[in-house]
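Survey of secondary and tertiary structure
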Amino acid sequence: MVARLLLRAWSRGSAVGPGAPCRPLSVSSELGQYLHRSVVPTMHFQDSLPRLPIPKLEDTIRRYLSAQKPLLDDGQFRKTEQFCKSFENGIGKELHEQLVAQDKQNKHTSYISGPWFDMYLSARDSIVLNFNPFIAFNPDPKSEYNDQLTRATNMTVSAIRFLRTLREGLLEPEVFHLNPAKSDTDTFKKLIRFVPSSLSWYGAYLVNAYPLDMSQYFRLFNSTRLPRPGRDELFTDDKARHLLVLRKGHFYVFDVLDENGNIVSASEIQAHLKYILSDNSPVPEFPLAYLATENRDVWAELRQKLVSDGNEENLKKVDSAVFCLCLDDFPIKDLVHLSHNMLHGDGTNRWFDKSFNLIIAKDGTAAVHFEHAWGDGVAVLRFFNEVFKDSTQAPAITPQSQPVRADSSAAVQKLSFKLNDALKAGISAAKEKFDATTKTLTIDLIRFQRGGKEFLKKEKLSPDSVAQLAFQMAFLRQYGQTVATYESCSTAAFKHGRTETIRPASIFTKRCSEAFVREPSKHSAKELQQMMAECSKYHGQLTKEAAMGQGFDRHLFALRYLAAAKGIALPELYLDPAYGQINHNILSTSTLVSPAVNIGGFAPVVPDGFGIGYAVHDNWIGCNISSYPGRNAREFLQCVEKALEDMFDAIEGKPIKI
């Protein structure tokens, strides 16, 4: 099953919150052109990154069976064991050998990269709700900077500073520091820059630092997913210098980089945005943006009609724009409204195909909504953190800044699209489908205030395992069973790594959930604590294996993809109902923690599932859950809260309340 979710990312250590040291206005280097100037070139480690390993087939089968154990009864499990044995000794062994041989011939990439791009780009469902997630920014700590025009200007400038810093090779390389006192230092950086790129990773490894793959970063800007019949394509034009702005369903473009590639003055950007905000035109009768919400084959056909009808030049401007800035005309009411607005909105004011949309509401509430085929959470979260840090600590303008006197009517081009009757009918049909689908989505959230990371770590429990255990308990309480659960984990520690799946539902979580939900009075607090500790230990093992490319999901996916590519009949393992069931991820979960992040979310990946975005903060646990009819996000959240209360009671030695 496609992973339509926020992908788990490694948080950067740099301070980005209100407590971070403040810089005066526009003190970025080169008069505000860059975020910073890294001593170590951005792509310095890329050549020497280790390759994503292909797990041993016997390890994959063992892990697969362990994940199936809590989901199947004894009879079903024995059948699945037989399918696995036949696969491991027969066609699976042949496919594995072919995959290894193919991987040896393609040392420039990973075995999963091609198939994973293909999986996303070949999917024909609408990318809205099915694939694209959102991450919302915290407000600017200085409240007056949350004015829509001020924040839009500052975030746009910071985003373009990121672009320039990245393209000039001045962006700090993305590194996961296990011992920052040794590796995240000026001394180390000055030394490692002289180590040849072909060896630099090993130099970092010696001080417990792990550089991450940055091959996706170039797609952040000037990029769009283009609809094509059967399989979409990713398009990037890094020569384009203009920004795309959407407001009330209208499309505007203006240059944010000059002919020399420098950022135009912040006051000029402010002037142009002010001009756009002053446009009183009503929403178009046929808003073009609905087309990007369609089934991809339908959209591909309609796009061809758009091109044939004389809209090619304007479409090129949309596709090649640095990114899409969406200015919404209303304030955000609450976090549920925020989630709905940033995840799908009303369909008129987003271009969902762009690599990302930077959305800024009337009250300055801001978020990034991103298309998922081109990349994962690591690149997006890095961009997100840097934009928040730069726009709050080195804002390009102040609330008192006056826009420069510019001829915005000449500089800003409002794109006009020619629509024939077939296109108008297509837009109306897309709107009808979009409205019908988004109306069925429920989103709700909780903030559990009793404790978080600090408390759980003191108790020697993995905070992530406790959150995942709460989801298992909640589902058991609400629906009486244990179901397929997906937690995404980045494999960016490897060249062209993407993600691997952690399978949080285990025999340990099942046993522990049943003890808490069905028979808490039969167990002492000590016994419950012991079961939680077992879950924590096993979850830690699964997480480590996944991050090191040692899960089973991607390996089995690649073997299946290879069989299809070679015209081999689908092996029985994949026809086993148990394989379909474990890939029907009823609980689809993802965590993202950063001081810049307010909330993140995504839709369920299956009609009868839950989409669970969550974060374990220092002293509280946040959970943002979506569902379609047939599941109840509010009731599920109440069960999650009950599970967390019960676990905290057990940790503190209190009796569990029935």
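Being a predicted model, the structure only gives us computed values, none of them experimental.

With that out of the way, let us pick up the UniProt feature "domain: Choline/carnitine acyltransferase" (unreviewed entry) in the protein. Those places that UniProt annotates as "domain: Choline/carnitine acyltransferase" (unreviewed entry) correspond, in this numbering, to residues 52–642. Along residues 52–642 the backbone is 45% helical and 15% strand, and the end-to-end C-alpha distance reaches 40 Å.

Residues T499 and T501 line one face of strand 14 (residues 499–502) and the alternating positions E500 and I502 line the opposite face, and both faces are buried. Pairing between strand 13 (residues 485–490) and strand 14: 4 bridges, direction antiparallel. Across the sheet, the residue bridging to S490 is T499, located in strand 14.

Here we take up the packing of helix 18 (residues 507–518) against helix 19 (residues 525–547). In the contact formed by helix 18 and helix 19, the axes pass within 9 Å of each other and the chain directions differ by 155°. Of the possible angle classes, the one that applies to helix 18 and helix 19 is roughly antiparallel. Crossing angle aside, the handedness with which helix 18 passes helix 19 is left-handed. Together, F508, T509, R511, C512, A515 and F516 of helix 18 and L528, M531, M532, E534, C535 and Y538 of helix 19 make up the contact between the two elements. When grouped by side-chain class, the residues that make up the contact of helix 18 with helix 19 number 9 nonpolar, 1 polar and 2 charged.

Counted by the stated rule, this structure contains 32 aromatic pairs. A centroid spacing of 6.4 Å and a plane angle of 15° characterise the contact between F137 and F388, whose relative ring orientation is stacked. In this pair, F137 is assigned in strand 1 (residues 134–137) and F388 in helix 13 (residues 377–393), connecting sequence segments 251 residues apart. We classify F137 as buried; its relative accessible area is 1%. Ring centres of F475 and Y479 lie 4.6 Å apart, and the angle between their planes is 40°; this geometry places the pair in the tilted category. Taken as a pair, F475 and Y479 lie in helix 17 (residues 463–479) at a separation of 4 residues, close to a single helical turn.

Let us look at the state of the cysteines. Per the stated rule, a full pass over the model turns up 0 disulfides. Free of any disulfide, C326 has its nearest cysteine sulfur in C324, 3.8 Å distant. C623 supplies the cysteine sulfur nearest to C639, a cysteine that is in no disulfide, at a spacing of 12 Å.

Conventions adopted
- Residues numbered from 1 in each chain as written.
- Predicted model: local features only at pLDDT ≥ 70, side-chain atom pairs only at ≥ 80, totals over all residues.
- Heavy atoms only, no water.
- UniProt positions renumbered as here; feature names shortened; annotations may be inferred.
- Helix = DSSP H or I, 4+ residues; strand = E, 2+ residues; numbered from the N terminus.
- Buried < 20%, exposed > 50% of the residue type's maximum accessible area, 1.4 Å probe, protein only.
- Pairing = 2+ DSSP bridges.
- Axes fitted to C-alpha atoms, helices over the stretch in contact; angles between N-to-C directions.
- Parallel < 35°, antiparallel > 145°, perpendicular 65-115°, else oblique.
- Left-handed = near helix turned anticlockwise from the far one by under 90°.
- Contact = heavy atoms within 4.5 Å.
- Nonpolar A, V, L, I, M, F, W, Y, C, P; charged D, E, K, R; others polar.
- Phe/Tyr/Trp six-rings, centres within 6.5 Å; stacked < 30°, edge-to-face > 60°.
- Disulfide = S-S within 2.5 Å.

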